[in-house]
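Overview (structure and organization)
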Amino acid sequence: EDFRVQMAKHPNISPVPLRPHTDQSKDRASKRLSSDSNGTSEGGMGSSTPVELTALEEAFRRFAIHGDTRATGKEMHGKNWSKLCKDCGVIDGKSITLTDVDIVFSKVKKKSCRNITYDEFKTALAELARKKYKEKSGEEAEAEIFKLVEGKSPIISGVTRAVASPTVSRLTDTTKFTGSHKERFDSTGRGKGKAGREDIVDTSGYVSGYKHRGTYEKKVTKQP
């Protein structure tokens, strides 16, 4: 009745019925709510609710972005896969070798891809687990190899130390310096600083490097 009254007051307005909620719109709404609860939404934007990662997935992402600033952490290439197996102790040199790791990587990845996803990563670890822990069942072997990887981070190698070279030693030996360079260091090889760079004029009249300085005065003043 209210609608009829409004239509009577405004006859120029065309009556457009309200669109009912169809099953398709309900499905879209439920899908959006479920994606928001999982930390994602349609269009690729994340919501304010973060998704809690497992220790295994955290290790996967840490190794996936190692050495690559453009990596997103969702895929891992073969070099970082080999490093993960080496740093986490999966490779023991006996039952699991570097060749086994490369073979499994090529087996689980897609033919047209060079990287593996997290699910393919778990499949690869399961393949290695059955070979590494032959005496255990499939689930127990997977649990053991997952423990080796969970929570781990890439090991950064130490800084390379400089090797002492005889050529460098000769060039840095201050006792062998001559001329003005010799005056810049004391007898212990320590630099004199500004004092070693100042030009001190010798007014004694002796030639530089003369070893018998002062002997003439001793001869002249010598008592007969």
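Residues numbered from 1 in each chain as written. Predicted model: local features only at pLDDT ≥ 70, side-chain atom pairs only at ≥ 80, totals over all residues. Heavy atoms only, no water.

Considering the state of the cysteines
Tallied over the full model, the rule gives 0 disulfides. The thiol sulfur of Cys85 is not disulfide-bonded, and the nearest other cysteine sulfur, from Cys88, lies at 7.6 Å. (Disulfide = S-S within 2.5 Å.)

Some details on the packing of helix α3 (residues 55–64) against helix α6 (residues 118–132)
α6 packs onto α3 with a crossing angle of 105° between their chain directions and a minimal axis gap of 11 Å. Overall, the two elements α3 and α6 adopt an arrangement that is roughly perpendicular. Along its contact with α3, which presents Leu56, Glu57 and Phe60, the element α6 presents Tyr118, Phe121, Lys122 and Leu125. Within the contact of α3 with α6, the residues separate by chemical class into 5 nonpolar, no polar and 2 charged. (Axes fitted to C-alpha atoms, helices over the stretch in contact; angles between N-to-C directions. Helix = DSSP H or I, 4+ residues; strand = E, 2+ residues; numbered from the N terminus. Parallel < 35°, antiparallel > 145°, perpendicular 65-115°, else oblique. Contact = heavy atoms within 4.5 Å. Nonpolar A, V, L, I, M, F, W, Y, C, P; charged D, E, K, R; others polar.)

Things to note about the packing of helix α4 (residues 78–87) against helix α5 (residues 98–108)
At a minimum axis separation of 10 Å, α4 and α5 run at an interaxial angle of 135°. On the basis of their axis angle, the class for α4 and α5 is oblique. The way α4 lies across α5 gives a crossing that is right-handed. Residue-level inspection shows Gly78, Trp81, Ser82 and Cys85 of α4 in contact with α5, the latter providing Leu98, Val101, Asp102 and Phe105. Its residues placed into classes, the contact of α4 with α5 shows 5 nonpolar, 2 polar and 1 charged. (Left-handed = near helix turned anticlockwise from the far one by under 90°.)

Structural notes on the packing of aromatic side chains
Considering all chains together, one arrives at 5 aromatic pairs under this definition. Relative to Phe121, the ring of Trp81 lies with its centre 5.9 Å away and its plane at 90°, an arrangement referred to as edge-to-face. Note that Trp81 is positioned in helix α4 and Phe121 in helix α6, a separation of 40 residues in sequence. Pairing Phe177 with Phe185 gives two aromatic rings, centres 5.6 Å apart and planes at 65°, and the pair type is edge-to-face. The rings of Phe60, Trp81, Tyr118 and Phe121 are connected pair by pair, giving a single aromatic cluster. (Phe/Tyr/Trp six-rings, centres within 6.5 Å; stacked < 30°, edge-to-face > 60°.)

As for the pattern of salt bridges
Opposite charge on two side chains permits them to pair, given that their charged atoms come into close proximity. Here the structure, examined in full by the defined rule, presents 8 salt bridges. Asp87 is the salt-bridge partner of Lys83, the closest N and O atoms lying 3.0 Å from each other. Of the two residues, Lys83 and Asp87 are both situated in helix α4; the distance of 4 residues between them amounts to about one turn of the helix. The residue Lys132 makes a salt bridge to Asp92 at a minimum N-O spacing of 3.2 Å. (Salt bridge = Lys/Arg side-chain N within 4 Å of Asp/Glu carboxyl O.)

Things to note about helix α7 (residues 138–149)
The α-helix winds at 3.6 residues per turn, so residues separated by three or four positions along the chain end up facing the same way. The first and last C-alpha atoms of α7 sit 17 Å apart over 12 residues, in line with the 16 Å expected at 1.5 Å per residue. Looking only at α7, the buried set comprises Ala141, Ile145, Phe146 and Val149. Taken end-on, α7 shows its buried residues confined to a sector of 135°, consistent with a single buried face. Those residues of α7 that are exposed and angled more than 90 degrees off the buried face are Glu139 and Lys147. In this structure, the buried side of α7 is in contact with α3, α4 and α6. One or two positions beyond α7, positive phi appears at Gly151, with a value near 75°. (Expected span 1.5 Å × (residues − 1). Buried < 20%, exposed > 50% of the residue type's maximum accessible area, 1.4 Å probe, protein only. Arc of directions from axis to C-beta.)

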